[in-house]
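Below are the chains, spelled out letter by letter.
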Amino acid sequence: MTFKPVEICVYGADIICPSCVQLPSSKETYEWLEAALRRKYPDQPFVMTYVDIFAPPADDEAKRKLAQTIVEEDWVYPVVVVEGEVVAEGNPRLKSIYAEMEKYGYRSS
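- As recorded by an unreviewed UniProt entry, the protein chain carries the name DUF1462 family protein and is attributed to Geobacillus stearothermophilus.

What follows is the structure in structure tokens.
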């Protein structure tokens, strides 16, 4: 089966979210999530992107807008987005991320 690799974005910051003091940092969550997804879908490509909510990429309007929304509306970060769909906020659950990936044809090995 061939399919377009999905993009998974983790939005966060170097500063730990005030509501998440006991949780891993956004960068640690990004690394943990990438490792978990590569184990679950080893031969199925996907793209992982980390977006700093205080310094989003200037050349991507959608990412800049979402980062701005996260900051302005005080969302709990990290925020995990799969193909533009927010699937987790704060402490992400692998089960919900796996379910979103499977909507795009990904299957556990």
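1. Digging into the overall build of the protein chain
Here is step 1: Secondary structure assignment for the protein chain yields 3 helices and 4 strands.
Here is step 2: Each helix (α) and strand (β) of the protein chain, taken in turn from the N terminus, gives the series β-α-β-α-β-β-α.
Here is step 3: Compactness check: the protein chain gives a C-alpha radius of gyration of 14 Å against a globular reference of 13 Å for 109 residues, within 12% of the reference.
Here is step 4: Overall, the protein chain is about 40 × 35 × 15 Å in size when its C-alpha atoms are taken along their principal axes.
Here is step 5: The buried share of the protein chain, reckoned over its 109 residues, is 40%.
Here is step 6: Of all intrachain contacts in the protein chain linking residues separated by at least 6 positions in sequence, the fraction that spans at least 24 positions is 65%.
Here is step 7: Summed over all atoms, the accessible surface of the protein chain reaches about 6,400 Å², with 51% contributed by carbon and sulfur.
Here is step 8: Each charge sign in the protein chain was given a centre, from 12 positive and 18 negative side chains, and these centres are 7 Å apart.

2. Quick look at the side chain of Glu 100
Here is step 1: Examined against the element boundaries, Glu 100 turns out to sit in helix 3 (residues 94-102).
Here is step 2: A relative accessible area of 8% places Glu 100 in the buried class.

3. Section: the sheet that holds strand 1 (residues 7-12)
Here is step 1: Read from one edge of the open sheet, 4 strands run 2-1-3-4, paired in mixed fashion. Strand pairing shows two members of the sheet lacking a second neighbour, strand 2 (47-52) and strand 4 (85-89), which therefore form its edges. Across the sheet, the axes of successive neighbouring strands diverge by a mean angle of 25°, strand direction being ignored.
Here is step 2: As defined by bridge partners, strand 3 (residues 79-82) adjoins strand 4 across 4 bridges and the pair is classed as antiparallel.

The rules behind the values
- Residues numbered from 1 in each chain as written.
- Predicted model: local features only at pLDDT ≥ 70, side-chain atom pairs only at ≥ 80, totals over all residues.
- Heavy atoms only, no water.
- Helix = DSSP H or I, 4+ residues; strand = E, 2+ residues; numbered from the N terminus.
- Rg over C-alpha atoms; globule rule 2.2 N^0.38 Å.
- Buried < 20%, exposed > 50% of the residue type's maximum accessible area, 1.4 Å probe, protein only.
- Contact = heavy atoms within 4.5 Å.
- Areas by Shrake-Rupley, 256 points an atom, 1.4 Å probe, with all protein chains shown as cover.
- Lys, Arg positive; Asp, Glu negative; His and termini not counted.
- Charge placed at Lys NZ, Arg CZ, Asp CG, Glu CD.
- Pairing = 2+ DSSP bridges.
- Axes fitted to C-alpha atoms, helices over the stretch in contact; angles between N-to-C directions.

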